[in-house]
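Letter by letter, the chains look like this.
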Amino acid sequence: ACLRPQALCMYVGYEWSKKVVSRDVEAMTSAEAFGAGWLTAYAESACVTPFETVKVRMQTKENMGRYSSSIRCMREILRTEGLKGLYAGFWPTCLRNNVFNSCYFGSIHWCKQQLTTPQTFTEQATQNIGVGVVAGLVATAFK
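A brief report on the enclosed structure follows. What you see is a predicted model, and the numbers here were worked out from it, not measured in a lab.

### Things to note about the packing of helix H4 (residues 90-114) against helix H5 (residues 121-142)
- Axis separation between H4 and H5 bottoms out at 8 Å; the angle between their running directions is 145°. For the pair H4 and H5, the sense of crossing is right-handed. Residues Val99, Phe100, Cys103, Tyr104, Ser107, Ile108, Cys111 and Lys112 of H4 lie in contact with H5, whose contacting residues are Asn128, Val131, Gly132, Val134, Ala135, Gly136, Val138, Ala139, Thr140 and Phe142.
- Per-class residue counts for the contact of H4 with H5 are 12 nonpolar, 5 polar and 1 charged.

Quick look at the structure:
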């Protein structure tokens with residue numbers, strides 16, 4: 001699970017999505033941040049869905065002991081179902097990530113607009129941790 005590229009795709013996707021939804025990323029509105037978060041889910045889901053599919057296949061009761069490793073499971077899915085089989089569940093994953101990412105990134109943007117600009121590294125770190133906790137709670141509540 002720790003080797004999944006989910007966080008990388010989420011944050012890189014967000015940076016790309018900001019450029020798509022806003023003419024001026026530095027002056028982005030909260031609504032644009034929510035929209036960019038929504039778009040981020042597509043790149044993230046494209047990266048994550050194959051890992052999720054393999055994980056779910058290996059965990060289902062009828063497949064217990066069928067695969068000796070996640071690589072063998074992936075190969076079997078590709079051999080029998082093709083790439084489409086590896087992306088089973090893409091749209092539900094996308095919808096889940098649309099909601100979470102839009103709430104998460106939108107909340108971060110909104111919270112930072114409400115706060116004063118930090119003057120020291122400690123203030124910035126404290127603000128980032130606090131905003132991250134609030135955004136994580138908000139996004140999880142809507143997930």
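Picking up where we left off.
### Focus on the state of the cysteines
- Considering all chains together, one arrives at 1 disulfide under this definition.
- Disulfide partner of Cys9: Cys47, at an S-S distance of 2.4 Å. Where Cys9 bonds to Cys47 through sulfur, the torsion about that S-S bond is close to -85°, and the disulfide is left-handed. Of this pair, Cys9 sits in helix H1 (residues 6-21) while Cys47 sits in helix H2 (residues 30-59), and the two are 38 residues apart along the sequence.
- The partly exposed category is assigned to Cys47, whose relative accessible area is 28%.
- Unpaired in this structure, Cys103 has its nearest cysteine sulfur neighbour in Cys111, at a distance of 12 Å.

Rules used in this analysis
Residues numbered from 1 in each chain as written. Predicted model: local features only at pLDDT ≥ 70, side-chain atom pairs only at ≥ 80, totals over all residues. Heavy atoms only, no water. Axes fitted to C-alpha atoms, helices over the stretch in contact; angles between N-to-C directions. Helix = DSSP H or I, 4+ residues; strand = E, 2+ residues; numbered from the N terminus. Left-handed = near helix turned anticlockwise from the far one by under 90°. Contact = heavy atoms within 4.5 Å. Nonpolar A, V, L, I, M, F, W, Y, C, P; charged D, E, K, R; others polar. Disulfide = S-S within 2.5 Å. Buried < 20%, exposed > 50% of the residue type's maximum accessible area, 1.4 Å probe, protein only.

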